[in-house]
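# Residue-level structural notes
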Amino acid sequence: MLIDTLLKARWIIPVEPDRTVLDNHALAVHGGRIIDILPIPEADAKYQAASVESFDRHALIPGFVNAHTHAAMSLLRGVADDRPLMEWLLDHIWPLEQKWVSETFVRDGTDLAMAEMIRGGVTCFNDMYFFPEVTARQAARYGLRAVVGLILIDFPSAWASGPDDYLSKGLALHDELRHNPLVTAAFAPHAPYSVSDEPLLKIRTLAAELDRPIHMHLHETRDEIDQGRQHYGMRPMKRLQQLDVLGPSFVAVHMTQLTDEEIAQFAESGGSVVHCPESNLKLASGFCPVARLIDAGVNVAIGTDGAASNNDLDVMGEMRAAALLAKAVSNNAAAVPAHTALRMATLNGAKALGLEADIGSLEVGKAADITAIRLDDLETQPLYDPISNVVYAAGRHQVSDVWVAGRRLLKNRELTTLDIEELFQKTAAWREKLTSVQERP
Ligand SMILES: CSC[C@H]1O[C@@H](n2cnc3c(O)ncnc32)[C@H](O)[C@@H]1O
Ligand SMILES: [Zn+2]
């Protein structure tokens, strides 16, 4: 049988259904999907392929899913380090965004972020930022899978004049994306302290009607809980419960402040949590109780948050940090073992975004969203257990190749769709602009 591509690999780590690692197997890819997984000799006998590639020192794994980011904020990397969330946001980031965010800012920032993510093995990102139609257009243009946030925040921005305008622009974008094979939409109300009840109720209804996830920052810091108590007389999660916003399509980002009762209630709701360990550490927001959430049955995925709070978009780094932190926080070295961490960074992200039928694991019928990781480097030798080395030893510099829907976006560490020199030039120009403007009397 003639197919598009045969990818032969020393190891294939499918993630689903279990911890199995396939030795010397091949992935048969046709029409952007995995149509077969079989031992190399059988693959050679069964398929003729337009392209045959051998990854004899590599593991092929499902592409990473960055389940929470603000891609365009890569242009703000390092502008306001070493501050707690509210000071960072209110005194630095929001004033900068009010001044600089535009269609071109989002285009150039998203391109930079996508280049970084592709080189880090990410094949899908869940974004929340202004001008989401620009993020959607750039993702489709350069071949990365994305879920773009139909954002809503109570205050006006360069993108929308107020809650109703955010909603109508979001709905128009959702309509535009209906038949897009790579880019879909999720409702993205910013946070409990920045979105009032009325728009939240509208989002609840629309999300149910259109069968879209609701992606929101929640219980990020102690300040957020205190503010919720003062303004609404209750903790933010309770308010969302009362508004009936929680449910299986709800994606709560951060969740560092949780009582045992809230963990049980969130598990009962069927929602997902996106854990962003490095952003939580850097902003000193707190620790997400990942092991307790997983024990309660919650689907926990992994996100980087934006490059202004992290300051990178390295999902492999987050995956490792998530595994290590979970052990320290739960005082249990067995918490979040390597395969669980890998699953959080792939399949659980896909589940949170409602994309698990299509991506998140290497299975027949799923899209060919694949990442190749070199395991013959100094840093990844000796090798006893490929999953251990992928999670605990390898880093994003070992990512050699990346495919999304069968299209190769990274070839032996070279980006195939984005021009790196152009990215450097545009990024330098933004840095110049942001730093050269001084207030004159
Ligand atoms: C409405 S667009 C998204 C909005 O979120 C801001 N943001 C970035 N990181 C965080 C975070 O960790 N917590 C809360 N808000 C964050 C970003 O600057 C945009 O204004
Ligand atoms: Zn965020």
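Residues numbered from 1 in each chain as written. Chains lettered and ligands numbered in written order. Predicted model: local features only at pLDDT ≥ 70, side-chain atom pairs only at ≥ 80, totals over all residues.

### Overview of the overall build of the chain
The following threshold applies: For the purposes of this entry, the term helix denotes a DSSP run of H or I that reaches at least four residues, the term strand denotes a run of E that reaches at least two, and both are numbered from the N terminus. Computation of the radius of gyration draws on C-alpha atoms alone. For the globule rule, the value is 2.2 Å times the number of residues to the power 0.38. Residue burial here comes from a neighbour count, namely the number of other C-beta atoms, placed from the backbone, that lie within 10 Å of the residue's own C-beta, with 20 or more meaning buried, 12 or fewer meaning exposed, and in between meaning partly exposed. Contact between two residues is assigned when their C-beta atoms, built from the backbone, lie within 7 Å.
Of the regular secondary structure elements, the chain holds 16 helices and 16 strands. In summary, the chain has a C-alpha radius of gyration of 21 Å against a globular reference of 22 Å for 441 residues, a match within 12%. Dimensions of the chain along its principal axes, counting C-alpha atoms only, are 70 × 50 × 45 Å. Within the chain, buried positions represent 53% of all 441 residues. Of the contacts formed within the chain by residues at least 6 apart in sequence, a portion of 72% connects residues at least 24 apart.

### Structural notes on the confidence of the model for the chain
Predicted coordinates in areas of low pLDDT are best not read in detail. Inclusion rule: Confidence scores here are pLDDT values: one per residue, from the predictor, ranging 0 to 100.
For the chain, mean pLDDT is 97; residues scoring 70 or higher make up 99% of the total. Our summary of model confidence lists the complex with pTM equal to 0.98 and ipTM equal to 0.99.

### What to know about the site of ligand 1
Which entries qualify depends on this criterion: Any residue whose C-beta atom, as placed from the backbone, lies within 6 Å of a molecule or strand is termed near it. The residue classification treats Ala, Val, Leu, Ile, Met, Phe, Trp, Tyr, Cys and Pro as nonpolar and Asp, Glu, Lys and Arg as charged. All others, Gly included, are polar.
The environment of ligand 1 is made up of 18 residues, and the closest members are Ile93, Ile151, Ile153, His190 and His217. With four residues, the top contributor of residues to the shell around ligand 1 is helix 2 (residues 85-100). Of the residues belonging to the shell around ligand 1, the class tally is nine nonpolar, six polar and three charged.

### Structural notes on the nonpolar core
Test applied: To define a nonpolar core, we join buried Ala, Val, Leu, Ile, Met, Phe, Trp, Tyr and Cys residues through C-beta atoms within 7 Å and take the resulting set. Per the annotation, domain bounds derive from an automatic or database assignment of domains.
Counting residues in each nonpolar core, the largest one holds 142 residues, and the members touching the most others are Leu27, Leu60, Met114, Ala146, Met319, Ala322 and Ala341. When residues of this core are sorted by domain, at least three fall in each of domain 1 (2-62 + 361-415) and domain 2 (64-352). Among all residues touching Ala146, those that are not within four sequence positions of it are Cys124, Phe125, Asp127, Thr135, Ala136, Ala139, Leu182 and Val183.

### A few points about the domain arrangement of the chain
Note on interface size: it is often stated as the accessible area lost on association of the parts. The assigned domain composition of the chain is domain 1 (2-62 + 361-415) and domain 2 (64-352). At the junction of the two partners, domain 1 supplies 24 residues and domain 2 supplies 24 residues. Contributing elements (two or more residues each) for the side of domain 1 that touches domain 2: strand 13 (370-374), helix 15 (386-393), strand 14 (399-404) and strand 15 (407-411). Looking at which element gives the most residues to the side of domain 1 that touches domain 2, the answer is helix 15, with five residues. Among the residues forming the side of domain 1 that touches domain 2, the class breakdown is 15 nonpolar, four polar and five charged.

### Quick notes on the packing of helix 3 (residues 103-119) against helix 4 (residues 132-142)
Pairs of packed helices are described in terms of their axes, by the angle between the two and the distance that separates them. Put simply, the test is: An axis is simply a line fitted to the C-alpha atoms; with a helix, the fit covers only the stretch in contact. Between two such axes, the angle follows the N-to-C directions and lies from 0 to 180 degrees. Roughly parallel here means an angle under 35 degrees, roughly antiparallel means over 145, roughly perpendicular means 65 to 115, and every remaining angle is called oblique. The hand of a helix crossing depends on one turn: near helix anticlockwise from the far one by less than a right angle means left-handed, and clockwise means right-handed.
Where helix 3 contacts helix 4, the two axes come as close as 9 Å, and the packing angle between them is 40°. Regarding the angle of helix 3 to helix 4, the classification is oblique. In this structure, the crossing between helix 3 and helix 4 has a hand that is right-handed. Taking contact as the criterion, the partners of Glu103, Val106, Arg107, Thr110, Asp111 and Met114 in helix 3 are, on helix 4, Val134, Thr135, Gln138, Ala139 and Tyr142.

### Quick word on the sheet that holds strand 1 (residues 2-12)
We apply this condition: Between any two strands, at least two bridges found by DSSP are needed for them to pair.
An order of 3-2-1-4-13-14-15-16 is seen for the eight strands of this open sheet, with the pairing classed as mixed. Sheet topology places strand 3 (33-39) and strand 16 (414-415) at the edges, where each strand pairs with a single neighbour. Bridge count between strand 15 and strand 16: two bridges; the pairing is antiparallel. Across the sheet, Leu410 pairs through a bridge with Leu415, a residue of strand 16.

### A look at helix 5 (residues 163-176)
The test is simple: Expected helix span is computed as 1.5 Å times (number of residues minus one).
Counted at 1.5 Å a residue, the expected span for helix 5 with its 14 residues is 20 Å, and the 20 Å between its end C-alpha atoms agrees. Close packing links the buried residues of helix 5 with strand 7 (145-152) and helix 6 (197-210).

### Here we look at the UniProt feature "domain: Amidohydrolase-related" (unreviewed entry) in the chain
Applicable threshold: UniProt positions are given in the numbering used here, feature names are shortened, and annotations may be inferred rather than shown by experiment.
UniProt feature "domain: Amidohydrolase-related" (unreviewed entry): in the numbering of this structure it lies at residues 60-408. The distance from the first to the last C-alpha atom of residues 60-408 is 13 Å, and the span holds 43% helix and 17% strand.

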